[in-house]
Amino acid sequence: MTTTQQLIQYKQQGRQIVALTAWDYVIAQLLDAAGVDLILVGDSMAAVLGYETTLPITLDEMLYHAKAVRRGVKQALVVVDLPFLTYQESTQQAIHSAGRALKEAGAQAVKLEGGYPAMLETIARLVQAGIPVMGHVGLTPQSVHQIGLRKQGKTEDAAQRILNEAQALEQAGVFSIVLEHIPNELALEITKKLSIPTIGIGAGVHCDGQVLVTSDLLGLSDKQPPFAKVYTNLREMIVNAVQEFAGEVRERKFPG
Ligand code: KIV
C-alpha cells in the first residue's frame, strides 16, 4: 500500500501525485485499479448525500462510507476528512475522532481544515499519537459561512497568511497539504518553500499533485466549482440508459 512517506519521496523525485475522492466500494475499486495514489474520503461527499454544504455530515456517516471505500482499495493511501465540529472543540475530541477513522474505518490518515494556532497544537498532538495528518488551507469549505466559496489569498496580506499557515502546518507535522482555490503563484511559492507535498485543487499546475472531487470529474454533480474539469458526463449517460430501459419495458421489448 502507498504510504505517507512514499508521497514525500514522490515530491523529492518530482513525480506528480494523483488524488481523487471516493464515497463507496465500487468507486474506490475503480480509482484504485486506475492507479490513483491517494483516495480521499472527503466531506465533499455531503453533496452525494444531498446536503447543501459540508457542515451537516456526521462522523458516523463519514466512517460508514470510509469503511466501504477502504474495502475497495488495495494500493492507494486512504485519507478520511474529519467533518465539521468533530475536531475543532478540543485536542481530545480530535484524537477521538481521528482514532475512530483509523481504528474503525482502516484509514491511514485524516485531513482537517485550517492552520490557526489551536489547530496547530491539535495537529502536533495527533501526530505524536501516531496519527498521520493532512492539512488543508486556502478555501476551507467548513468555513463557508465566514468566507464563502470564493478564491482565497488574493491580496498580499491574505496570501502571506496562507503561506504562514502552510509553513506552520509543516512544522506541526502534517505529511501533505491541500491547497484549495488560491492563486497559482501563491501555490507555487508554498510548494517551493515546503518539503512536504502540496496537493492542489483550483491552485494551478505548480503543486506537487492534484485532487478533484470524483463526482465532478465524472459529471455526476449537479453543480461544479469553476476550477473542476468534467471528463465525462455520467449524469447524461445514466438518464439515457434509464430512459432506454423504461421505453423497452413500456413497449414490452424487455426482456427480449
Ligand atoms: O472534501 C473534499 O473533497 C476535499 C477536497 C476538495 C480536497 O476536501
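Residues numbered from 1 in each chain as written. Predicted model: local features only at pLDDT ≥ 70, side-chain atom pairs only at ≥ 80, totals over all residues. Heavy atoms only, no water.

## Some remarks on the pattern of salt bridges
Phase 1 of the analysis: In this structure the tally under the stated criterion is seven salt bridges.
Phase 2 of the analysis: The residue Lys193 makes a salt bridge to Glu189 at a minimum N-O spacing of 3.1 Å. On the criterion of helical spacing, the pair formed by Lys193 and Glu189 is a turn pair, its members being four residues apart in helix 8 (residues 184-193).
Phase 3 of the analysis: Given the relative accessible area of 33%, Glu189 is considered partly exposed.
Phase 4 of the analysis: Each of the salt bridges in this network shares a partner with another, and the network as a whole consists of Asp60, Arg100 and Glu104. (Salt bridge = Lys/Arg side-chain N within 4 Å of Asp/Glu carboxyl O. Helix = DSSP H or I, 4+ residues; strand = E, 2+ residues; numbered from the N terminus. Buried < 20%, exposed > 50% of the residue type's maximum accessible area, 1.4 Å probe, protein only.)

## Topic: helix 8
Phase 1 of the analysis: Considered for burial, the residues of helix 8 that qualify are Leu186, Ala187, Ile190 and Thr191. Projected down its long axis, helix 8 carries its buried residues within an arc of 135°, all on one side. Exposed and facing more than 90 degrees away from the buried side of helix 8 are Glu185 and Lys192.
Phase 2 of the analysis: The elements touched by buried residues of helix 8 are helix 1 (4-13), helix 7 (156-172), strand 6 (176-180) and strand 7 (198-201). (Arc of directions from axis to C-beta. Contact = heavy atoms within 4.5 Å.)

## Some thoughts on the layout of surface pockets
Phase 1 of the analysis: Roughly 970 Å³ of internal volume is contained in the largest pocket.
Phase 2 of the analysis: In this structure, the largest pocket is lined by 39 residues; those nearest its centre are Ser44, Ala47, Thr54, Lys223 and Pro225.
Phase 3 of the analysis: Contributing elements (two or more residues each) for the lining of the largest pocket: strand 6, strand 8 (209-212) and helix 9 (214-217).
Phase 4 of the analysis: Classifying every residue of the lining of the largest pocket gives 19 nonpolar, eleven polar and nine charged. (1 Å grid on protein atoms, 1.4 Å probe; cavity = no way out; pocket = protein on both sides within 12 Å on 5 of 7 lines; lining within 4 Å. Points joined across faces, edges and corners; volume = space filled by probe spheres on them. Nonpolar A, V, L, I, M, F, W, Y, C, P; charged D, E, K, R; others polar.)

## Side note on the pairing of strand 2 (residues 38-41)
For a regular strand, the rule is simple: side chains alternate between the two faces of the sheet.
Phase 1 of the analysis: Residues Leu38 and Leu40 line one face of strand 2 and the alternating positions Ile39 and Val41 line the opposite face, and both faces are buried.
Phase 2 of the analysis: As defined by bridge partners, strand 1 (residues 17-21) adjoins strand 2 across three bridges and the pair is classed as parallel. Counterpart to Leu20 in the pairing with strand 2 is Ile39.
Phase 3 of the analysis: Note on the crossover from strand 1 through helix 2 (residues 25-33) to strand 2: the handedness is right-handed. (Pairing = 2+ DSSP bridges. Right-handed = clockwise from strand over helix to strand, strands pointing away.)

## Focus on empty space enclosed by the protein
Phase 1 of the analysis: Here the structure, examined in full by the defined rule, presents one cavity of 30 Å³ or more.
Phase 2 of the analysis: Each pocket or cavity is described by its volume, and for the largest cavity that value is around 40 Å³.
Phase 3 of the analysis: Along the walls of the largest cavity sit Thr21, Ala22, Trp23, Gly42, Ser44, Met45, Val48, Val213 and Ser215, which together make up its complete lining.
Phase 4 of the analysis: Class assignment of the residues belonging to the lining of the largest cavity gives a composition of five nonpolar, four polar and no charged.

## Description of the side chain of Thr122
Phase 1 of the analysis: Here Thr122 is to be found in helix 5 (residues 117-128).
Phase 2 of the analysis: Excluding anything up to four places from it in sequence, Thr122 contacts Thr91 and Ala94.

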